[in-house]
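A look at the structure
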Amino acid sequence: MVVLGANGAGKTTLFSLISTLLKLQTGEIRVCGHSVSSQRTSALANMGLVFQHTTLDMDLTVGQNLSYFAGLQGLNGVEIEARTTDVVHLLDLQNSLGEKVSRLSGGQRRRIEIARALIAEPPLLIMDEATSSLDVSAKTFLCDRMRDLTRETDTTILWSTHLVEEVADQDRVVILDRGKVFDDATCATLCKKYGTSLEALLLKLSQQG
Amino acid sequence: MNNLRRSAIVFKAISKRELLKFSQQHARLLSALVRPLVWLVIFAAGFRSILGVSIVPPYQTYITYDEYVVPGLCAMVLMFFGMQTSLSMVYDREMGTMRLLMTAPFPRPVLLLFRLVSTGLIGVLQVYAFLGIAMLMGIEFELINLLFVAPTLLLSALMFGALGFLMSLGIRQMENFAGVMNFVIFPCFFMSSALYPLWRIRESSPLLADIGAWNPFTHAVEAIRHQLYGQFQTFSVIYLLVVTVLCLAAVMFAYEKHDIMKAS
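Residues numbered from 1 in each chain as written. Chains lettered and ligands numbered in written order. Predicted model: local features only at pLDDT ≥ 70, side-chain atom pairs only at ≥ 80, totals over all residues. Heavy atoms only, no water.

Concerning the overall build of chain A
When helices and strands are tallied, chain A shows eight helices and eight strands. Taken over the C-alpha trace, chain A has a radius of gyration of 18 Å; the compact-globule value for 209 residues is 17 Å, and the two agree within 12%. Dimensions along the principal axes, computed over C-alpha positions, put chain A at roughly 50 × 40 × 30 Å. Sorting the 209 residues of chain A into buried and exposed places 51% on the buried side. Looking at chain A as shown, the accessible area adds up to about 9600 Å², and 50% of this sits on carbon and sulfur atoms. Seen as two clouds, the 21 positive and the 25 negative side-chain charges of chain A have centres 6 Å apart. (Helix = DSSP H or I, 4+ residues; strand = E, 2+ residues; numbered from the N terminus. Rg over C-alpha atoms; globule rule 2.2 N^0.38 Å. Buried < 20%, exposed > 50% of the residue type's maximum accessible area, 1.4 Å probe, protein only. Areas by Shrake-Rupley, 256 points an atom, 1.4 Å probe, with all protein chains shown as cover. Lys, Arg positive; Asp, Glu negative; His and termini not counted. Charge placed at Lys NZ, Arg CZ, Asp CG, Glu CD.)

Pasting the structure below:
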């Protein structure tokens, strides 16, 4: 599922509300049936988070970063080892485990953050503009891997972006405009409904703003 | 999963990270030892010949000045460590790693407490390293008392860490930190019984002595001093406990009730 919106539409605010970094003033958000306000820890246990800006510890190695986060999720040593093997394989990080994060490229760091978010096998993965600072090849790699992941597992991905080229026809798209849901349908349906491309639709919305 | 087992795993993860980061910061490790040693070797040696300390509890006899300042320097190690902890909280907020901790599926107050305890334990290890060197230089302590003082060292480390956490709430950028250090560390250190007994300060300034008597640093110094000599200073320990709990409660309230990460 893609949350699409121009800059300032409210994507990061939504992400911060779901991830409990911001407190809800009104309304309710439930993740896998758990309220983020009243059942915070249960809700967080069901989601993996990839923040817009890096949250990796630059002083530690890739393996140490993964291990630290897995520990915060409550995984024991055996589970950490098994899950680390799985996620580094998924994101082609086998050769980087011993490397210090500060020595890696932006694309590799982003992959580590996704690996880290997946280490506890959350049913929901939330990515806040995860590809915005990446070059074309790194972006393509991540988009492909994330689509593979949703096909091969039960993981749902909430992909927030302002980049229309990351949206495929069959994706469910929620368009955010100035903090409100403008529309919610598949990409193909939206294009048909408004008789225009998503890009043109976003441009129109931002010009109206 | 059993809550206790889960807590142990989370605590281990946080402690391991703190230890890994600390072990890579060689300058920090070195400065933590050199700073009190400079006071002990240079300052205390200079004052040894001109300043004697009369018999005051817990001492049974006249002592040399360098022996007198060791407990204060232990507290100084812990205070610097506590302030550096607050610096690392600000750094983690700037670098984003604090977001990771705050979105872990575990109660936030417990996560903050775990972080405080894990850094406090590292601070205590530094004090023991300093005490080891002080003993090599001829300051004598009974081994049993070195064990006896451990809980008070940890409590003092927690208090300074909690104070540091509290200060970190008001510091939005690392650049602002140096000024805060100067306004907190030096007044705390000099307006305490670390370098001279409070009754000596009272002779020249009763107001300063009164401030010293309320200063949490004084109580950390006195609790450590008494326990290093096998005595228990109940009032100081209770004072430390109260200050620690109040600071921690304020920090946890701030993280729980307000959008602390909003500005990061």
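Next comes the rest of the write-up.
Quick notes on the overall build of chain B
Helices and strands together make up the secondary structure of chain B, namely 12 helices and zero strands. In sequence order, the secondary structure elements of chain B are arranged as α-α-α-α-α-α-α-α-α-α-α-α. Split into buried and exposed, the 264 residues of chain B put 54% on the buried side. Nonlocal contacts in chain B, meaning residues at least 24 apart in sequence, comprise 77% of its contacts between residues at least 6 apart. (Contact = heavy atoms within 4.5 Å.)

Some thoughts on a nonpolar patch on the surface
All names here are of chain B. On the surface, a nonpolar cluster with roughly 530 Å² of combined accessible area is contributed by L30, V34, V38, V41, I42 and M137. Tracing the backbone through its elements, the reader meets V34 in helix α2 (residues 26-48). You can call V34 partly exposed: its relative accessible area is 39%. (Patch = residues over 30% accessible without salt bridge, like charges linked within 9 Å, V, L, I, M, F, W, Y side chains within 5 Å. Salt bridge = Lys/Arg side-chain N within 4 Å of Asp/Glu carboxyl O.)

Section: the interface of chain B and chain A
In this complex, chain B contributes 31 residues to the contact, which on the side of chain A involves 30 residues. Of the roughly 2700 Å² buried where chain B meets chain A, counting both sides, 59% is carbon and sulfur surface. K21 of chain B is the salt-bridge partner of D59 of chain A, the closest N and O atoms lying 2.8 Å from each other. Here chain B is connected to chain A by eight residue pairs in polar contact (both at pLDDT 80 or more). Those elements that provide at least two residues to the side of chain B that touches chain A are α1 (3-24), α4 (97-102), α5 (108-136) and α12 (234-257) of chain B. (Buried area = accessible area lost by both parts, 1.4 Å probe. Polar contact = N/O pair within 3.5 Å; in protein donor to acceptor, adjacent residues only side chain to side chain.)

Here's the deal with the nonpolar core
Ranked by size, the top nonpolar core spans 140 residues in total, and within it M47 and L125 of chain A together with F217 of chain B carry the most contacts. At 14 residues, the largest contribution of residues to this core is made by helix α3 (residues 65-95) of chain B. Filtering out sequence-adjacent residues up to four positions away, L125 of chain A remains in contact with G48, V50, I114, A117, L118, M146, L149, T155, T156, I157 and L158 of chain A. (Core = buried A, V, L, I, M, F, W, Y, C linked by side-chain atoms within 4.5 Å.)

Quick word on the state of the cysteines
The tally for this structure, following the rule as stated, stands at zero disulfides over all chains. In this structure C143 of chain A is a free cysteine whose sulfur lies 13 Å from that of C187 of chain A, the closest cysteine sulfur available. With no disulfide of its own, C188 of chain B lies closest to C247 of chain B among cysteine sulfurs, the gap being 11 Å. (Disulfide = S-S within 2.5 Å.)

Concerning the pattern of salt bridges
Residue and element names in this part refer to chain A. A complete count under the given rule lists 21 salt bridges over all chains for this structure. Between D148 and R151 there is a salt bridge whose closest N-O contact spans 2.8 Å. Of this pair, D148 and R151 both sit in helix α6 (residues 136-152), three residues apart, which is roughly one turn of that helix. Residue classification places R151 among the exposed residues on the basis of a relative accessible area of 60%. A salt bridge links K193 to D183, with the nearest nitrogen and oxygen atoms 2.7 Å apart.

With respect to the packing of α1 of chain B against α5 of chain B
All names here are of chain B. Following both chains from N to C, one finds α1 and α5 inclined at 45 degrees, their axes separated by 9 Å at the closest point. One way to sum up the angle between α1 and α5 is to call them oblique. Crossing of α1 over α5 shows right-handed handedness. For the pair formed by α1 and α5, the contact residues are S7, V10, F11, I14, S15, R17, E18, L19 and F22 on the first element and L111, F114, R115, V117, S118, T119, L121, I122 and Q126 on the second. Along the lines of polarity and charge, the residues of the contact of α1 with α5 split into 10 nonpolar, five polar and three charged. (Axes fitted to C-alpha atoms, helices over the stretch in contact; angles between N-to-C directions. Parallel < 35°, antiparallel > 145°, perpendicular 65-115°, else oblique. Left-handed = near helix turned anticlockwise from the far one by under 90°. Nonpolar A, V, L, I, M, F, W, Y, C, P; charged D, E, K, R; others polar.)

Here's the deal with the packing of helix α5 (residues 106-118) of chain A against α6 of chain A
All names here are of chain A. Running from N to C, α5 and α6 point in directions that differ by 15 degrees, and their axes come no closer than 10 Å. Viewed along their axes, α5 and α6 adopt a mutual orientation that is roughly parallel. Where α5 crosses over α6, the handedness of that crossing is right-handed. Listed contacts from α6 to G107, R110, R111, I114 and L118 of α5 are A138, F141, L142, M146 and L149. In terms of residue class, the contact of α5 with α6 is built from seven nonpolar, one polar and two charged.

Digging into the packing of aromatic side chains
Applying the stated criterion to the full structure yields 14 aromatic pairs over all chains. Centroid distance W39 of chain B to F190 of chain B: 6.1 Å. Interplanar angle 55 degrees. Geometry classified as tilted. Of this pair, W39 of chain B sits in helix α2 while F190 of chain B sits in helix α8 (residues 177-190); the two residues are 151 residues apart in sequence, bridging distant segments of the chain. Taken together through their ring pairs, the aromatic side chains of W39, F160, F186, F189, F190 and F217 of chain B make up a single cluster. Sitting over the ring of F69 of chain A, R116 of chain A keeps its end group 5.6 Å from the ring centre. (Phe/Tyr/Trp six-rings, centres within 6.5 Å; stacked < 30°, edge-to-face > 60°. Lys NZ or Arg CZ within 6 Å of the ring centre and 35° of its normal.)

Examining the pairing of strand β4 (residues 47-50) of chain A
Residue and element names in this part refer to chain A. Side-chain alternation along β4 places M47 and L49 on one buried face and G48 and V50 on a second face that is also buried. Where β4 meets strand β5 (residues 124-128), four bridges bridge the pair, whose relative direction is parallel. Bridge pairing links G48 to L125 in β5. (Pairing = 2+ DSSP bridges.)

Keep in mind these values describe shape, not function.
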